[in-house]
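Listed below, chain by chain, are the residues.
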Amino acid sequence: MAHLRKHLTAKFEEELAKAPGRHYKEDEHARILRRVGVRSWHFRGVGAHGVLRVAAEQGWQLDHSYPADPHGELHLCRLEAPSRRG
C-alpha cells in the first residue's frame, strides 16, 4: 500500500496543480470535475479496492462516466468547488 499511496498522492498533486481556466471548463456553479486514470499495474497486489480506499482518503472517488474494464485503467474523479481552490 505504501507504493500505491506515494504514486496516487503524486498523481493527485499533479492534477490539482492544473489551472482550472486553462485545462477545465467550469460549470454554472464554478465547479470543475478533475479526473485521473490509474493503470492496473500500479495496483497489482492490492487490487482496485486498495486504490479506492487510498483515493477516498484524499477526496477522490470512482468515475462512473467510464465503463468498467478489468484490464484497463481505473478512472477516478473529484468535484472541486471554488472554495477548495487557491
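The text that follows walks through the structure, step by step, so that each part is easy to find. In this text, all values refer to a predicted model and were calculated from it rather than measured experimentally.

What counts, and where the lines are drawn
- Residues numbered from 1 in each chain as written.
- Predicted model: local features only at pLDDT ≥ 70, side-chain atom pairs only at ≥ 80, totals over all residues.
- Heavy atoms only, no water.
- Salt bridge = Lys/Arg side-chain N within 4 Å of Asp/Glu carboxyl O.
- Buried < 20%, exposed > 50% of the residue type's maximum accessible area, 1.4 Å probe, protein only.
- Pairing = 2+ DSSP bridges.
- Helix = DSSP H or I, 4+ residues; strand = E, 2+ residues; numbered from the N terminus.
- Contact = heavy atoms within 4.5 Å.
- Axes fitted to C-alpha atoms, helices over the stretch in contact; angles between N-to-C directions.
- Phe/Tyr/Trp six-rings, centres within 6.5 Å; stacked < 30°, edge-to-face > 60°.

## Some words on the pattern of salt bridges
Next, step 1: According to the stated counting rule, one finds 4 salt bridges in the structure shown.
Next, step 2: A salt bridge links Lys18 to Glu15; its shortest N-O distance comes to 3.3 Å.
Next, step 3: Owing to a relative accessible area of 5%, Glu15 belongs among the buried residues under this scheme.

## So, the sheet that holds strand 1 (residues 32–38)
Next, step 1: The 3 strands lie next to each other as 1-3-2, forming an open sheet whose pairing is antiparallel. Edge strands, defined here as strands with exactly one partner in the open sheet, are strand 1 and strand 2 (61–62).
Next, step 2: With 2 bridges connecting them, strand 2 and strand 3 (residues 74–80) associate as antiparallel partners. Paired with Leu62 across the bridge in strand 3 is Leu76.
Next, step 3: Running at roughly 145 degrees to strand 1, helix 1 (residues 2–16) makes contact with strand 1 and strand 3 of the sheet.
Next, step 4: Docked against the sheet, helix 3 (residues 47–57) engages strand 1, strand 2 and strand 3, running at close to 15 degrees with respect to strand 3.

## Thoughts on the packing of aromatic side chains
Next, step 1: Counted according to the given criterion, the structure contains 1 aromatic pair.
Next, step 2: Ring geometry for Phe12 and Trp60: centres 4.5 Å apart, planes at 10 degrees, overall stacked. Highlighted residues: Phe12 in helix 1 and Trp60 in the loop between helix 3 and strand 2, separated in sequence by 48 residues. A single burial state applies to Phe12 and to Trp60, both of which are buried.

## Some words on the environment of Phe12
Next, step 1: Its relative accessible area of 1% is what places Phe12 among the buried residues.
Next, step 2: Separated by 34 residues in the primary sequence, Phe12 and Val46 place their C-alpha atoms 19 Å from one another.
Next, step 3: Dropping the residues within four chain positions of it, Phe12 is found in contact with Val36, Ala55, Gln58, Trp60 and Leu76.

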